[in-house]
Number of protein chains: 2
Amino acid sequence: MRYARLSVGGRGVWGRVGETDVELLSESPVDGRPDVIGTVPRATADWLPPVVPPVFYAVGMNYPRHIAHAGVPVPDRPEVGYRANNALTGHGSPIVKPQEVEGRFEAEPELVAVIGRTLKHATRDEARDSVFGWTIGNDVSARTWQHQDRTFWRSKNSDTFKPMGPWIETDVDALAATTTLRVNGETKASFATGDMVFDPFDFIVEMTRHLTLHPGDVLWMGAETTCRIEPGDTVDIEISGIGVLSNPVLLEGKEQA
Amino acid sequence: MRYARLSVGGRGVWGRVGETDVELLSESPVDGRPDVIGTVPRATADWLPPVVPPVFYAVGMNYPRHIAHAGVPVPDRPEVGYRANNALTGHGSPIVKPQEVEGRFEAEPELVAVIGRTLKHATRDEARDSVFGWTIGNDVSARTWQHQDRTFWRSKNSDTFKPMGPWIETDVDALAATTTLRVNGETKASFATGDMVFDPFDFIVEMTRHLTLHPGDVLWMGAETTCRIEPGDTVDIEISGIGVLSNPVLLEGKEQA
């Protein structure tokens, strides 16, 4: 099943995505039992981030090739970081590059696990069962800020720097998938989604030793590779069996151009 | 006015805090226009964190004495970081020290600004007007983990490591207040709350150059000093004109002792 959130009359509404239509739902399917309250044609859907998480977890270096390229040690245990909800934007919405950004401005294609239940001290089996579904994230990064600043506050969390979507797919073996990154239709990278140092269940087991995960929390799993993006580009991230997250890139102040 | 959130019949309910009673409210006073829907005696109130923020911002080194003690350079611009909602707990609830924590386990008394409106590209006047009110935070930290880990995930964000409350005070000149930290009734520190390198409005102006703040977002302003806490202790943080945030410390697995 594919679940999304749409903007309908200025409100965020959950939806179940079919081939031609999206059925609108009365409440969240993550921790509720929604009824169908309407339908909109899929072609006219205005996609929001498919969930606004209570906590937005993100993994850093987690792909062997990315780690080798960065010249950093391979992590010996799963350590998670954070991103911020203000930066989320949906499928089809623009990534806005701030006027002040200089240097490399990059896309990072990531698998995202969406947590479906409350859990602490999870076993690996419980960690597996806790994932409601999978979506796609683009961990857009301004590298000069990333290197200048003590935190990732503006390098990775400026408004629109975290596209997520288009929907949550509940029926896919995400770790057997292929991630493909395209800019203006040209393939820039393609890699085995599951070729991770620590997989999502390793993280969930380790994290829940000390913290409680809640329905709707998201865990972004890191990227194998990055590529430059510039205003005027369109960035597509495809994860096979989930879908395609597509976002145009615009320059701040020229969002309507 | 003082606004809190209480646990009532297993639900989180907003309240307006009076001398002897708490009036229960139909919705959030931060961005709504609540009606009074009931009353509970203040003495029996079960306090929750006074707000669950969309984004949980936290300042690091921001007091000259703390910076001098740590031997780090004085920040030349306001850079914000993050904490995680799973770690929040209310006034009166226990701080649970994990069995695995070794070394210094410490309290950090902090002023917290609660944002009341949506804003971006704020002027200093707009930043001032955007603060709905003020509360108190305890940025509990496990130092060995803080030094071992690449992120603050478990050192500062394990469950119960972020007591916040007891309420949001809307009518106080928080930057003219005094912060006092007590353990088992003994004063461990007392400092001018407003003796900051960058004040909350400096942060809001800088942050909103690149990100949108939303109603309910919180900004923890850093601590001037810290002190050790251990299971069996009770930690009180008072900020004059706001109130007292009090939490017992328990050892994990002995929460019922």
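Residues take numbers from 1 onward in each chain, read along the sequence in its written order. Working convention: letters from A go to chains and numbers from 1 go to ligands, in the order in which they are written. In view of the model being predicted, local features appear only for residues whose pLDDT reaches at least 70, and side-chain atom pairs are presented and counted only at 80 or more, with totals across whole chains, interfaces and linings using the full set of residues. Each side-chain value is worked out from all heavy atoms of the structure, with water and hydrogens disregarded.

- You'll find chain A entered in an unreviewed UniProt entry as Fumarylacetoacetate hydrolase family protein, with Streptomyces broussonetiae given as the organism.
- UniProt positions are given in the numbering used here, feature names are shortened, and annotations may be inferred rather than shown by experiment. Turning to chain A, the UniProt record has this under Sequence similarities (unreviewed entry): "Belongs to the FAH family."

## A closer look at the UniProt feature "domain: Fumarylacetoacetase-like C-terminal" (unreviewed entry) in chain A
Right, on to step 1. UniProt annotation of "domain: Fumarylacetoacetase-like C-terminal" (unreviewed entry) refers to residues 57-249 of chain A when read in the numbering used here.
Right, on to step 2. Counting from the N terminus, the helices are DSSP H or I runs at least four residues long and the strands are E runs at least two residues long. The straight-line gap between the two end C-alpha atoms of residues 57-249 of chain A is 24 Å; of that span, 15% is helix and 36% is strand.

## As for the environment of Gly9(B)
Right, on to step 1. Locating Gly9(B) in the fold gives a position in the loop between β1 (2-8) and β2 (11-17).
Right, on to step 2. Taking C-alpha positions, Gly9(B) is 38 Å from Thr208(B), a pair spaced 199 residues apart along the chain.

## A short note on the interface of chain A and chain B
Right, on to step 1. Between chain A and chain B, the residue contacts involve 33 residues of the former and 33 residues of the latter.
Right, on to step 2. Buried surface area refers to the total accessible area, computed with a probe of radius 1.4 Å, that the two partners give up upon joining, counted for both partners together. Of the roughly 2,900 Å² buried between chain A and chain B, counting both surfaces, carbon and sulfur atoms make up 45%.
Right, on to step 3. Criterion for a salt bridge: a side-chain nitrogen of Lys or Arg within 4 Å of a carboxyl oxygen of Asp or Glu. Summed over the shared surface of chain A and chain B, the number is eight salt bridges.
Right, on to step 4. With its nearest N and O atoms 2.8 Å apart, the salt bridge here joins Arg77(A) to Asp149(B).
Right, on to step 5. Whenever two N or O atoms come within 3.5 Å, that pair is a polar contact, provided that in protein one can donate a hydrogen and the other can accept it, and provided that, for residues adjacent in sequence, both atoms are side-chain atoms. Along the contact surface separating chain A from chain B lie 21 residue pairs in polar contact (both at pLDDT 80 or more).
Right, on to step 6. The set of elements that each furnish at least two residues to the side of chain A that touches chain B consists of β7 (80-82), α3 (143-148) and α4 (200-207) of chain A.
Right, on to step 7. Per-element accounting of the side of chain A that touches chain B gives the leading share, three residues, to β7(A).
Right, on to step 8. Residues are grouped as follows: nonpolar covers Ala, Val, Leu, Ile, Met, Phe, Trp, Tyr, Cys and Pro; charged covers Asp, Glu, Lys and Arg; every other residue, Gly included, is treated as polar. When the residues that make up the side of chain A that touches chain B are grouped by side-chain class, the tally is 12 nonpolar, 10 polar and 11 charged. Contacts are residue-level and defined by heavy atoms, with any inter-residue pair within 4.5 Å sufficient.

## Regarding helix α4 (residues 200-207) of chain B
An α-helical segment advances 3.6 residues per turn. Residues three or four places apart therefore align on the same side.
Residues and elements named next belong to chain B.
Right, on to step 1. Most of α4 is tucked away: six of the eight residues are buried.
Right, on to step 2. The set of residues buried in α4 consists of Pro-200, Phe-201, Phe-203, Ile-204, Glu-206 and Met-207.
Right, on to step 3. In this fold, the buried residues of α4 make contact with β6 (56-59), β7 (80-82), β11 (109-115), α2 (124-130), β12 (131-138) and β17 (218-220).
Right, on to step 4. In this structure Asp-199 caps α4, since a side-chain oxygen of it lies 2.9 Å from the backbone nitrogen of Phe-201. We call a residue buried when its accessible area falls under 20% of the maximum for its residue type, exposed when it is over 50%, and partly exposed in between, using a 1.4 Å probe and counting protein chains only.

## Focus: the relation of the copies chain A and chain B
Taken together, a rotation about one axis and a shift along it account for how the two chain copies relate.
Right, on to step 1. Here the copies were fitted onto each other by least squares, based on C-alpha atoms from residues at pLDDT of at least 70 in both. Between chain A and chain B, the superposition needs a rotation of 180° and an axial shift of 0.0 Å, giving an RMSD of 0.0 Å. The transformation just described matches what one would write down for a two-fold rotation axis.
Right, on to step 2. The residues that chain A uses at the interface reappear at the interface of chain B in 100% of cases, marking a shared surface.

## Brief notes about the domain arrangement of chain A
In many analyses, interface size is given as the accessible surface area lost on bringing the parts together.
All names here are of chain A.
Right, on to step 1. You can read the domains of chain A as domain 1 (1-48) and domain 2 (49-251).
Right, on to step 2. Bear in mind that the domain bounds are from an automatic or database domain assignment. For domain 1 and domain 2, the distance between their C-alpha centroids amounts to 23 Å.
Right, on to step 3. On the side of domain 2, 21 residues touch domain 1, which itself brings 13 residues to the contact.
Right, on to step 4. Summed over both partners, the interface of domain 1 with domain 2 comes to about 1,300 Å²; 56% of that surface belongs to carbon and sulfur atoms.

## A word on the side chain of Asp149(A)
Right, on to step 1. For Asp149(A), the position within the fold is in the loop between α3 and β14 (162-169).
Right, on to step 2. A relative accessible area of 8% means that Asp149(A) is categorised as buried.
Right, on to step 3. A polar contact is formed between the side chain of Asp149(A) and the side chain of Arg77(B), at a distance of 2.9 Å.
Right, on to step 4. Setting aside its immediate chain neighbours within four residues, Asp149(A) contacts Arg154(A), Arg77(B) and Glu79(B).

## What to know about the pattern of salt bridges
Right, on to step 1. The full count for this structure, using the stated rule, is 46 salt bridges over all chains.
Right, on to step 2. Its salt-bridge partner being Arg77(A), residue Asp76(A) comes within 3.9 Å of it at the nearest N-O pair.
Right, on to step 3. Relative accessible area serves as the criterion here: at 21%, Arg77(A) is assigned to the partly exposed category.
Right, on to step 4. The residue Arg124(B) makes a salt bridge to Asp199(B) at a minimum N-O spacing of 2.6 Å. Here the residue Arg124(B) occupies a position in helix α2, and Asp199(B) occupies one in the loop between β16 (186-192) and α4, the gap between them amounting to 75 residues.
Right, on to step 5. Taking relative accessible area as the criterion, Arg124(B) reaches 33% and is therefore assigned partly exposed.
Right, on to step 6. With a relative accessible area of 15%, Asp199(B) lands in the buried category.
Right, on to step 7. One network of salt bridges, with partners in common, ties together Arg83(A), Arg104(A), Glu106(A), Glu108(A), Asp139(A), Arg143(A), Lys156(A) and Lys162(A).

## Considerations on the pairing of β2(B)
All names here are of chain B.
Right, on to step 1. Only when DSSP finds a minimum of two bridges between them are two strands counted as paired. Pairing of β1 with β2, which is carried by six bridges, proceeds in the antiparallel orientation. Paired with Ala-4 across the strands is Gly-15, a residue of β2.
Right, on to step 2. Where β1 folds back on β2, the antiparallel hairpin that results is connected by two residues, among which Gly-9 adopts a positive phi of roughly 60°.
Right, on to step 3. Relative to strand β3 (residues 21-25), β2 runs antiparallel, the two being bridged by three bridges. Bridge pairing links Arg-16 to Glu-23 in β3.
Right, on to step 4. Linking two consecutive strands that pair antiparallel, namely β2 and β3, is a turn of three residues.

## Observations concerning unusual backbone geometry
Right, on to step 1. Cis geometry marks the peptide bond from Gly165(A) to Pro166(A); its omega dihedral reads 5°.
Right, on to step 2. Mapped onto the secondary structure, Pro166(A) falls in strand β14.
Right, on to step 3. Unlike most non-glycine residues, His121(A) shows phi in positive territory, near 50°.
Right, on to step 4. Turning to its location among the elements, His121(A) is positioned in the loop between β11 (109-115) and α2 (124-130).
Right, on to step 5. In this structure His121(A) comes out as partly exposed when scored by relative accessible area, which is 49%.
Right, on to step 6. The phi angle at Thr160(B) is positive, at roughly 75°, despite the residue not being glycine.
Right, on to step 7. On the accessibility criterion, Thr160(B) (15% relative accessible area) is buried.

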